[in-house]
Amino acid sequence: MPIVAQLLRNAARTLRMNLTFTVVTALTLALGLGAATAVFSIVDAVLLRPLPYPDPERLVVLFETAPDNDRRNAAPANFLDWRRESRTVTSLAAYRTSRQTLTGGAAPERVLGAAVSANIFSMLGASARFGRVFRPAEDSAGAQAVAVLSDALWRRQFGGDPGVIGRTVRLDDSPVTIVGVMPPDFLFPETADLWTLADRGVPPLAGFAGDIAAARDLHYFTAIGRLRPGASIGAARTELAQLAGAIATLHPETNRDLGVNVVPLRDALVGDRRATVLILFGIVGFVLLIVCANVASLMLASSAARAREFSVRAALGASRSRLVAQVAAESLLLALLGGTLGVIAAGASVRALAAAGTLGLPEIARVTVDGRVFAFAMVLACVSGLGAGLVPAMRVSAAAPFDALREGGRSSTGSGRQRLRQGLVVIQLALSLTLLVGAGLLLKSYEMLVRVDPGFRRENVLTLETSLSHASYGTPSAIESYYDRAIASIARVPGVRSVGAVSNLPVSGRSMNRGLQIDGRAKPERATDQTIEYQVALASYFQTLGIPLRRGRVFEVRDDAQAAPVAVVNESAVRKYWPAADPVGARVGFGNRDGGTTWRTIVGVVGDVHHFGLDRAPRPELFVPMAQDPQAAMNLVARASGPGAPASAVRRAVSDIDPLQPVSAGRSMDERMGASVARPRFLSRLLAGFAVAALALSALGLYGVLAQIVGSRTREIGLRMALGAQSTEMLRMVLRQACTLAGLGVLAGLAGALAVTRLVSSLLFSVEPTDPAVFAETAVLLVFVTIAAAFLPAYRASRVDPAVALRREG
């Protein structure tokens, strides 16, 4: 131990004496270690750390499967059969989230409510912070309407008052009694604001008039359960597949070709985000390798400058192992310093990522740089620092003890050391090119994505979400009257050019899918075999958003409740259901609450609009006039005459009609479009930032190598110029060496990129992972940066004064 302490003291003294080297090396390490630690903290929270529930590995999600979908929502009667018959999955529960209007708190608010089976909290091992959770079997028929609040909603609407327990509020005009408040870290499902009881274990479905527990053709909620102790997922899948087959035999009209998929809860929660997180971790791994190569090059240069020092120590009796241990101690101290700075940077980075919310990971809100992450950072720092110091340490141990002394005190870089540093530069350039190619692909993909025509004009458009209470607006005429007044009130706001309304906005990802019948054609065997996205809209909606009319007409004033039912379809619906015919004049039917069919005549065709994201093709869509199917929840759209739509004035114009009805804060359509592409934008810019940082590190490494080479060859260059060599020849000599290194880096980088970029193919839109233009452009950029980094050493070589060089080196 005294020897270790002495080594560390000597290392600390040496680093203090070489302060510039210490600061540069520590900051370089901090860059790579900070990025790696930040991303590891996310990987740990999302993929590695156990879920915050007892025996989380036994929690599973049950999906129904169809020939084209292996993760379909569950149907009520099927779920109840699983619950009753399964022996491998116990404590089955159901949940469904939906937007609801809460009144009785500080102000009316649209909240995200989760209707859940009563046993869901006990299955997850969760208890209330105040009050209680639901009791077993409390969701039986005729049970009292009760609710449990999230911590965030409790603070937002009730000021964090513990006396809220037992208070009655209204949820979509129905009274519910608050019985509990959950802890702030309970986030299931995701960001629910409150939880209410399901009906006999089955979440309710608005507008369904029959016995919901008997329905097998309505797939709308999620089923979650716990494996029986000792049961495996494979056993559960086998048992439920047999059970699904038995149900299909009894109910072929609804369950033919349906199966059951059992998925671990973590896999269901993470979904396609797993690939994103792992790719992000791989990216920072590349950056860390470049950092280590750069640090190794810096330490190799430092050891070369200290060759005389090491030779003196060896001459005084220091063994090679002692010299290696000294270099290792210095590497370790540098690594710990860089690791500490990296952890500080990682904490700030994680907070920034959580605030941005662009990764779409609810778990990131709980990410912290805790002891587990700190330990990872320190171990990684030690491995990185010692790994980077291994090459210079081995060079020190291999050096002849009296070489530097025989050279009269000159620090010399041997050809072996130069080749090592050049090799490290080639590695950095190759890794940088791989990152540059990945960044180029993602940036091009993002550019292609934002160039997609959304099907409407988004500039200067403001949107508002509204939802009317059933108590105040319980009839179609009352709903229609409210929205007529809202439209008229917004139209009077200065600067507003036009106003419309629709049930679900573009790029919102929300819509209503309904089974469709076409007059004159056979009725589909199942309602899900022939569907269309169902929208309710005002005629002015198409004009306000600039959705083009392709044929026929849109809605008119005459299309009221007394007129014959009409509809407008989009071009995708025409391509799917009327590919060789004109749909105008055709009739389509939808099931109604009375068990019959409501037939509508198609009067027009409008252009396609992207509702589920710019990266997804538009689906068949049908619009009906609001006067013929009034909806309590609508989205108002207002187009202003110029930039900066008067959001506050528009919101006030709606709120003044009835202050008791919730109206969302206005969001521009530009904001909504930006949010829809936030994730690819964030990933492409993040990778581009890492790639630029890696390229800068590689350029600095190349500059250092060439500067040292020029310095070590000053006498040779002076001699050549004394013998008649021109300065341009010296310039070309150094640049030629730089281009050789760049060429090797490009070849190795392109080979690596071809192998690695296929891993990001799932994140690309309309771009191939082997896009030749991206590969060529990034290779040219790398060569250009390499030449730029080499120019100053080359220029210095061309300006060497022969007399001064020969006199100094003589």
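Above this text you will find the structure in question.
Residues numbered from 1 in each chain as written. Predicted model: local features only at pLDDT ≥ 70, side-chain atom pairs only at ≥ 80, totals over all residues. Heavy atoms only, no water.

### Focus on the overall build of the chain
Operational definition: Strands are runs of DSSP state E lasting at least 2 residues, helices are runs of H or I lasting at least 4, and numbering of each runs from the N terminus. When a residue's accessible area, from a 1.4 Å probe over protein chains only, is under 20% of the maximum for its type it is buried; when over 50% it is exposed; and in between it is partly exposed. Method for areas: the Shrake-Rupley scheme with a 1.4 Å probe, in which residue coverage is limited to the protein chains shown.
A tally of helices and strands in the chain yields 24 helices and 23 strands. Here the chain holds 810 residues, and 51% of them are scored as buried. Accessible surface computed for the chain: about 35,500 Å², of which carbon and sulfur atoms make up 57%.

### Here we look at the environment of Glu138
Put simply, the rule is: N or O atoms within 3.5 Å of each other form a polar contact, as long as, within protein, one can give a hydrogen and the other can take it, and as long as residues adjacent in sequence are counted only when both atoms are side-chain atoms.
Structurally, the position occupied by Glu138 is in the loop between strand S5 (130-131) and strand S6 (146-149). In the structure, Glu138 is positioned 19 residues away from Asn119 in sequence and 8.6 Å away in space, judged by C-alpha atoms. Side chain to side chain, Glu138 and Arg132 meet in a polar contact 3.0 Å long. Separated by 2.7 Å, the side chain of Glu138 and the backbone nitrogen of Arg135 make a polar contact.

### Considering the environment of Val557
Its location among the elements puts Val557 in the loop between strand S17 (549-552) and strand S18 (566-570). Considering only alpha carbons, one finds Val557 and Leu538, 19 residues apart in sequence, at a separation of 9.8 Å.

### Section: the pattern of salt bridges
To keep it simple, the criterion reads: Just to be clear on terms, a salt bridge is a Lys or Arg side-chain nitrogen sitting within 4 Å of an Asp or Glu carboxyl oxygen.
For the structure shown, the criterion picks out 25 salt bridges. Two residues, Arg587 and Asp519, come together in a salt bridge whose shortest N-O distance is 3.2 Å. In this pair, Arg587 is assigned in strand S19 (residues 587-591) and Asp519 in the loop between strand S15 (517-518) and strand S16 (531-537), connecting sequence segments 68 residues apart. Asp519 sits in the partly exposed class, given a relative accessible area of 41%. Within the structure, one salt-bridge network assembled from shared partners comprises Asp81, Arg84, Glu85 and Arg216.

### Overview of the pairing of S19
On any regular strand, side chains alternate: one points to one face of the sheet, the next to the other face. So the rule is basically this: When DSSP locates at least two bridges between a pair of strands, those strands are taken to pair.
Pairing of S15 with S19, which is carried by 2 bridges, proceeds in the antiparallel orientation. Across the sheet, Gln517 pairs through a bridge with Gly589, a residue of S19. With 5 bridges connecting them, S19 and strand S20 (residues 597-606) associate as antiparallel partners. Along S20, the bridge assignment pairs Gly589 with Trp599.

### A few points about a nonpolar patch on the surface
To keep things clear, this is the line we draw: Like-charged residues within 9 Å of one another, or nonpolar side chains (Val, Leu, Ile, Met, Phe, Trp, Tyr) within 5 Å, are grouped into patches, provided each residue has over 30% relative accessible area and no salt bridge.
The grouping of Leu19, Val23, Leu27, Leu337, Leu341 and Ile344 at the surface amounts to a nonpolar patch, some 550 Å² of accessible area in total. Of all elements in the fold, only helix H2 (19-48) and helix H11 (320-356) reach the threshold of two or more residues within the nonpolar patch. Here Leu337 is to be found in helix H11.

### Looking at helix H18 (residues 647-655)
The test is simple: Here, two residues are considered to be in contact whenever any of their heavy atoms come within 4.5 Å of each other.
Taken residue by residue, H18 has Val650, Ala653, Val654 and Ser655 as its buried positions. On its buried face, H18 sits against strand S12 (461-467), helix H15 (476-491), strand S13 (496-502) and strand S22 (633-640).

### Some thoughts on the packing of aromatic side chains
Aromatic rings in a pair are described by how distant their centres are and how their planes are angled relative to each other. Operational definition: The rule is short: rings of Phe, Tyr and Trp, with Trp giving its six-membered ring, pair when the centres are within 6.5 Å, and they are stacked under 30 degrees, edge-to-face over 60, tilted in between. In this analysis the charged atom, NZ for Lys or CZ for Arg, is taken to sit over a ring once it is within 6 Å of the ring centre and within 35 degrees of the ring normal.
Per the counting criterion, the structure on display carries 19 aromatic pairs. Here Tyr53 and Phe188 contribute two aromatic rings whose centre-to-centre distance is 6.3 Å and whose plane-to-plane angle is 80°, an arrangement assigned as edge-to-face. Taken together, the residues span a long stretch of sequence, with Tyr53 in the loop between H2 and strand S1 (59-66) and Phe188 in the loop between strand S8 (174-181) and strand S9 (194-197) at a distance of 135 residues. Among the aromatic residues, those joined into a ring-pair cluster are Phe121, Phe134, Phe186 and Trp195. Looking at Arg514, its charged tip hangs above the ring of Tyr534, at a distance of 4.6 Å from the centre.

### Structural notes on unusual backbone geometry
Looking along the chain, the bond that leaves Phe188 and enters Pro189 is cis, with omega of -5°. Within the secondary structure layout, Pro189 lies in the loop between S8 and S9.

### Describing the nonpolar core
Threshold: Nine residue types can take part in a nonpolar core, namely buried Ala, Val, Leu, Ile, Met, Phe, Trp, Tyr and Cys, and a core is a set of them joined through side-chain atoms within 4.5 Å.
Residues Leu435, Val437, Leu706, Ile717, Met730 and Val734 are the most contacted members of the largest nonpolar core, which totals 80 residues. Per-element accounting of this core gives the leading share, 15 residues, to helix H9 (residues 273-305). Setting aside its immediate chain neighbours within four residues, Val734 contacts Leu706, Val710, Ala790, Pro793, Ala794 and Ala797. Membership of the second largest hydrophobic core comes to 41 residues, among which are Ile479, Val493, Ile518 and Val588.

### Looking at the packing of helix H1 (residues 2-17) against H2
Here is the rule: Fitted lines through C-alpha atoms serve as axes, helices being fitted only where they are in contact, and the angles separating the N-to-C directions of these axes extend from 0 to 180 degrees. Under this scheme an angle from 65 to 115 degrees is roughly perpendicular, one under 35 degrees roughly parallel, and one over 145 degrees roughly antiparallel; angles in between are oblique. Gly is placed with the polar residues, together with every amino acid not listed as nonpolar (Ala, Val, Leu, Ile, Met, Phe, Trp, Tyr, Cys and Pro) or charged (Asp, Glu, Lys and Arg).
Between H1 and H2, whose axes approach to 5 Å, the crossing angle comes to 100°. With respect to H2, the element H1 is oriented roughly perpendicular. Seen from H1, the contacting residues are Leu15, Arg16 and Met17; seen from H2, they are Leu19, Phe21 and Thr22. Its residues assigned to classes, the contact of H1 with H2 shows 4 nonpolar, 1 polar and 1 charged.

### Focus on the environment of Asn73
Here Asn73 lies in the loop between strand S2 (69-72) and helix H3 (76-85). The spacing of Asn73 and Leu218 is 145 residues in sequence and 8.8 Å in space, taken between C-alpha atoms. Apart from residues lying up to four places away in sequence, Asn73 is in contact with Glu64, His219, Tyr220, Phe221 and Thr222.

### Considerations on the side chain of Gln100
Tracing the chain through its elements places Gln100 in strand S3 (residues 89-103). Among residues more than four places away in sequence, those in contact with Gln100 are Glu109, Arg110, Val111, Gly113, Leu171, Asp172 and Leu194.

### Focus: helix H5 (residues 151-158)
Basically, it comes down to this: Arc definition: it is the arc formed by the directions from the helix axis to the C-beta atoms.
Here H5 has its buried residues at Asp151, Leu153, Trp154, Gln157 and Phe158. Seen from one end, H5 has its buried residues packed into an arc of 165°, which puts them on one side. Phi turns positive one or two residues past the end of H5, at Gly159, with a value near 65°.

### A word on the pairing of strand S11 (residues 259-264)
Burial analysis of S11 places 5 of its 6 residues in the buried class, which makes it a mostly covered element. When S1 meets S11, the two strands line up antiparallel, connected through 6 bridges. Counted as the bridge partner of Thr65 is Gly259 from S11.

### Section: the packing of helix H21 (residues 714-722) against helix H22 (residues 727-756)
What counts is decided by this rule: A clockwise turn of the near helix away from the far one marks a right-handed crossing, whereas an anticlockwise turn of less than a right angle marks a left-handed crossing.
Where H21 contacts H22, the two axes come as close as 10 Å, and the packing angle between them is 145°. The handedness of the crossing between H21 and H22 comes out as right-handed. Each of Ile717, Arg720 and Met721 in H21 lies in contact with H22, whose residues at this interface are Ser727, Met730 and Met733.

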